[in-house]
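What follows is the residue order along each chain.
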Amino acid sequence: MTNSTKSALKSDVRKGLSSPHARPWLAAAAQVPATFAAHQAWGNEPLVAMGMTLAAGALTAATWWAGKNTSEARRLHATLTTAAATGYLTVASFTDPLGDSQLTWLAIGGSALAASWNVRKVLRVNPDAAKGEGEETGILTKSLGKAKARLRGEPKVEPNKVTAKYQLAPGELTNADLGNRINQIASELGISPNSIRIQPDAENAAQGEMVFVPTDMLKTPTAWPGPSHPGGSITDPVQPGIYEDGAPAELWFPADQDSGRNATHFLTAGMNGSGKSAGVSIAVAEVLTRRDVIVWAVDPSKGKQTFAPFLPYLDWVEMTTAGGEAMIDALSPVITARADALGEHGYKNWTPDAYRQLGMPYMVVWIEEAAKFFREGTEMEGLVMEARSAGISVIISLQRPSATSMPTDVREQLGGVMCFGVKGGTTADMALPEDVRDAGARPEAWENRKPGYAYLVAPGVDEDRYATPLRTYYTDDQQIEAVLASVPRPAADPVTATAAGEAYAERTHYTDDTTREMPVHTDERAGQDEVLLERQINRDIDARLPSDDDGSGPSVEQLNADPDREIPPVSVSEVWAFAKPAPTPEKSPEEAYSELLAMLEEYRRDGLEHVGPKHFQPYGREGRIGRSRAWISARLNELADEEIHLAETDDAGVYTLLYPTLAAAS
Ligand SMILES: Nc1ncnc2c1ncn2[C@@H]1O[C@H](COP(=O)(O)OP(=O)(O)OP(=O)(O)O)[C@@H](O)[C@H]1O
């Protein structure tokens, strides 16, 4: 045998002996020298025999006690093994350790026990057999950085859906922390982040359900099945699309006293081509099939492209900025008149009964490309604050609901959101409530590659559905026209029509003939344009008039003195001078990021060891970083991946703050 063969053999033997499978066999074999030595030393001492018997019993009991946190099967197995091993040691030591019967018992019993442990080990690495052995899952332990999270009970497995109840370590992890880890969990499982949702337990911040929907069931668009409640009331649910499990998505505009639901306005946000207009079109088509509602609509950008099939059925429609301004101006007296009329007849809210008694239909005002109006300085605070009590809901549609696109006072009044695909997490944070983001809503993953995909967050919608993707129904102009032609339309009531005034009385009427537009005499049309232009000029002058309290800006006399004079540039604060003082402008991602690094530097100076999102409160525009908690969590996570400023710890959402020397060494 050569030296190399010898050393290879030695190494194999060493490996074999140190293998986990060899350990039970070595332990059984070790009984022979152990019993022999004990026999030589104490074979004739009955007191030692008694002590050894007691020790064997105590060790067996200790094994049972120590196994209380493991599975029943493992506990029993370990206790039996201890009892057998200590029992044999005692009996053989005080009889004949090398006797035939003793060695036979050791060979048979020891082999059986050693083999049983080998079998157990093999089964543990079989994922099927391992089920139920321990409650922790690979999913949670890996993606949560070995954090303390375990499943509660068996996951519920349905076709294309797995629901797993979880328990987080109390005081260490929250449902929001789990929500911040969705991207990591998705990457570990090789599925889209949109496939995972967290449904937090409302009663317990450390418990909830994780829902996995691996296959995207919305990939194929669903054709609009037609109106859900033709001839019904606006109080019946409006169905714009379906959720991924095939259930219809439902939303409501008016209040409902019985269920305590408030009347609501809607924000529809989504990037170019995400399907906003098509989605709202389905909702409005549904609305227009109800007997007790009228719709006013304005789109200063795409106009006829959006409204074509609706034109004859909209009570008032405008397709220019000036026309839209006129409509928005008219809404103020309309709100007052309608609220007064409702109040006089004892109605706190609009109800179907108010329609029966007063003939006053509910009103939906659909404002497409609303950012254009906000840029022009159109005030809508009063409109959105007061309209609901007058039986009016407003749908405001724009691409990015940022503070630069829309006043925060208006945003806060929009209780319902339909969020389509957006560009980037920052926009998603602005469009959706934080808890819905934490529950897994990721509209930024769709952008405009999945038109019609949306999240619906609104009064009356089951909160468990907030983070569930839906897809709006797919339709075309012909289907909408055919449906709307088949249902009767109510007219505006005299209170609304009178209060809407001249602009309403002079609105363009559209018919359902092929030209879509009633022939309007050219002079008459030119006259209308002139009126609108004049109104726009007056509005611009009004906007530049000094207000009572600030005394800044040119006076109307100054403006009148020289018509060619260049109008001074409007400062940001003037544009933002709505009902309340201008809000703090939102920070750009770059500014927010450098603020975050500056704060980390300050924490280093303070000698902090660990940081987490809580060290950057308050979140949002009020905080130093000016971004949401979800944004901050994502950045901290990225920094930890780079391991320059931060390093991961075993606890999700907690990072070790790296100091320059540590960072250089790592
Ligand atoms: N549910 C849907 N299923 C399939 N395709 C859809 C769906 N909704 C919209 N689309 C398609 O997506 C495209 C963009 O839709 P739409 O014009 O409504 O987007 P948008 O968000 O309003 O865009 P923009 O901001 O440019 O107006 C259209 O071609 C439309 O047919």
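Residues numbered from 1 in each chain as written. Predicted model: local features only at pLDDT ≥ 70, side-chain atom pairs only at ≥ 80, totals over all residues.

The name given to the protein chain in an unreviewed UniProt entry is Sporulation protein SsgA, with Streptomyces daqingensis as the source organism.

Moving on, we get to the overall build of the protein chain. When helices and strands are counted, the protein chain shows 27 helices and 18 strands. In the protein chain, buried positions account for 36% of the 666 residues. Residue pairs at least 24 apart in sequence account for 68% of intrachain contacts in the protein chain once pairs closer than 6 positions are excluded. (Helix = DSSP H or I, 4+ residues; strand = E, 2+ residues; numbered from the N terminus. Buried ≥ 20, exposed ≤ 12 C-beta atoms within 10 Å, placed from the backbone. Contact = placed C-beta atoms within 7 Å.)

The immediate surroundings of the ligand are formed by 16 residues, with Gly275, Ser277, Ala278, Pro451 and Gly452 found nearest. Only α11 (276–287) and β15 (470–472) provide two or more residues apiece to the shell around the ligand. Among the elements that make up the shell around the ligand, the one with the highest residue count is α11 (three residues). When its residues are assigned to classes, the shell around the ligand shows four nonpolar, nine polar and three charged. (Near = placed C-beta within 6 Å. Nonpolar A, V, L, I, M, F, W, Y, C, P; charged D, E, K, R; others polar.)

Considering the arrangement of structural elements, one finds Gln184 in helix α10 (residues 182–189). Here Gln184 falls in the partly exposed class, since 17 other C-beta atoms lie within 10 Å of it. Gln184 sits 453 residues away from Asn637 along the chain, and the two C-alpha atoms are 9.9 Å apart.

This brings us to the sheet that holds strand β18 (residues 655–657). In a beta sheet, neighbouring strands pair by backbone hydrogen bonds and run either parallel or antiparallel. Overall, antiparallel pairing links the three strands, which are arranged β16-β18-β17 in an open sheet. On the outer flanks of this sheet lie β16 (610–611) and β17 (646–648), each paired with one strand and no other. The sheet contact formed by β16 and β18 spans two bridges and is antiparallel. The residue of β18 that forms the bridge with Val611 is Tyr655. (Pairing = 2+ DSSP bridges.)

UniProt's entry tags Gly270, Met271, Asn272, Gly273, Ser274, Gly275, Lys276 and Ser277 with the feature "binding site: ATP" (unreviewed entry), counted in the numbering of this structure. By the secondary structure assignment, Gly273 is in the loop between β8 (266–269) and α11. A count of 15 C-beta atoms within 10 Å places Gly273 in the partly exposed class. Aside from chain neighbours lying at most four places away, what touches Gly273 is Asn448 and Pro451. Inspection of the secondary structure assignment puts Ser274 in the loop between β8 and α11. Take Ser274: there are 27 C-beta atoms within 10 Å of it, and that puts it in the buried class. (UniProt positions renumbered as here; feature names shortened; annotations may be inferred.)

Two elements, strand β3 (residues 161–168) and strand β5 (residues 204–212), share six bridges in a ladder whose sense is antiparallel. The partner of Thr163 across the bridge, within β5, is Val211.

Attention now goes to the sheet that holds strand β9 (residues 293–298). With mixed pairing, 10 strands are arranged side by side in an open sheet as β7-β6-β15-β14-β13-β8-β12-β11-β9-β10. The open sheet has two edge strands with one neighbour each: β7 (248–251) and β10 (316–318). Ignoring strand direction, the axes of neighbouring strands in this sheet form an average angle of 25°. Bridge analysis of β9 against β10 gives three bridges, and the strand direction is parallel. Bridging from a neighbouring strand, Val298 pairs with Glu318 of β10. Across the sheet, α11 is in contact with β6 (238–243), β8, β9, β11 (362–367), β12 (392–398), β13 (416–420), β14 (453–457) and β15; its angle to β6 comes to roughly 135°. On top of the sheet, helix α13 (residues 321–344) reaches β9, β10, β11 and β12; it is set at about 145° to β10, its chief contact. (Axes fitted to C-alpha atoms, helices over the stretch in contact; angles between N-to-C directions.)

This part covers unusual backbone geometry. The backbone phi angle of Glu447 is positive, close to 45°, even though this residue is not glycine. At Glu643, a residue that is not glycine, the phi angle is positive and equals roughly 55°. Among the structural elements, Glu643 can be located in the loop between α26 (629–642) and β17.

Quick look at the packing of helix α3 (residues 31–42) against helix α5 (residues 72–94) now. Put simply, α3 and α5 touch, their axes get as near as 8 Å, and they point 45° apart. In terms of axis orientation, α3 runs oblique to α5. Where α3 crosses over α5, the two elements pack in a sense that is right-handed. Across from Gln31, Ala34, Thr35, Ala38 and His39 in α3, the residues of α5 making contact are Tyr88, Leu89, Ala92 and Ser93. (Parallel < 35°, antiparallel > 145°, perpendicular 65-115°, else oblique. Left-handed = near helix turned anticlockwise from the far one by under 90°.)

Packing of helix α4 (residues 46–66) against α5 brings their axes to within 8 Å, and their N-to-C directions diverge by 170°. Taken together, the axes of α4 and α5 are roughly antiparallel relative to one another. From α4, Ala49, Met52, Thr53, Ala56, Leu59, Thr60, Thr63 and Trp64 reach across to α5, where they touch Arg75, Ala78, Thr79, Thr82, Ala83, Thr86, Gly87, Thr90, Ser93 and Phe94. The residue makeup of the contact of α4 with α5, split by class, is eight nonpolar, nine polar and one charged.

Side-chain alternation along β8 places Phe266 and Thr268 on one buried face and Leu267 and Ala269 on a second face that is also buried. Where β8 meets β13, four bridges bridge the pair, whose relative direction is parallel. Pairing of Leu267 across the sheet is with Val417, part of β13.

With that settled, consider helix α21 (residues 494–505). Between its terminal C-alpha atoms α21 stretches only 12 Å, short of the 16 Å expected from 12 residues at 1.5 Å a residue. Listed in full, the buried residues belonging to α21 are Thr496, Ala499 and Ala500. Relative to the axis of α21, the buried residues are bounded by an arc of 95° and lie together on one face. Along α21, the residues that are exposed and aim more than 90 degrees away from the buried face are Glu502 and Ala505. (Expected span 1.5 Å × (residues − 1). Arc of directions from axis to C-beta.)

Let us look at the environment of Pro254. Within the secondary structure, Pro254 is located in the loop between β7 and β8. A count of 24 C-beta atoms within 10 Å places Pro254 in the buried class. The spatial distance from the C-alpha of Pro254 to the C-alpha of Arg388 is 7.9 Å, given a sequence separation of 134 residues. What Pro254 contacts, discounting residues up to four positions off in sequence, is Ile234, Thr235, Ala263, Trp350, Tyr362 and Gly391.

Next up on the list: the nonpolar core. The biggest cluster of nonpolar side chains holds 116 residues, and the ones touching the most others in it are Val295, Leu314, Cys419 and Tyr455. For this core, the leading source of residues is α13, giving 11 residues. Counting only domains with at least three residues in this core, you end up with domain 2 (138–212) and domain 3 (238–505). With 16 residues, the next largest nonpolar core counts Leu600, Ala630, Leu636 and Tyr655 among its residues. (Core = buried A, V, L, I, M, F, W, Y, C linked by C-beta atoms within 7 Å. Domains from an automatic or database assignment.)

Moving on, we get to the environment of Asp299. Structurally, the position occupied by Asp299 is in the loop between β9 and α12 (304–307). C-beta crowding within 10 Å serves as the criterion here: with 24 such atoms nearby, Asp299 is assigned to the buried category. Along the backbone, Asp299 and Glu369 are 70 residues apart, and their C-alpha atoms lie at a distance of 6.3 Å. Excluding its chain neighbours within four sequence positions, the residues that come into contact with Asp299 are Thr306, Phe307, Met319, Glu368 and Glu369.

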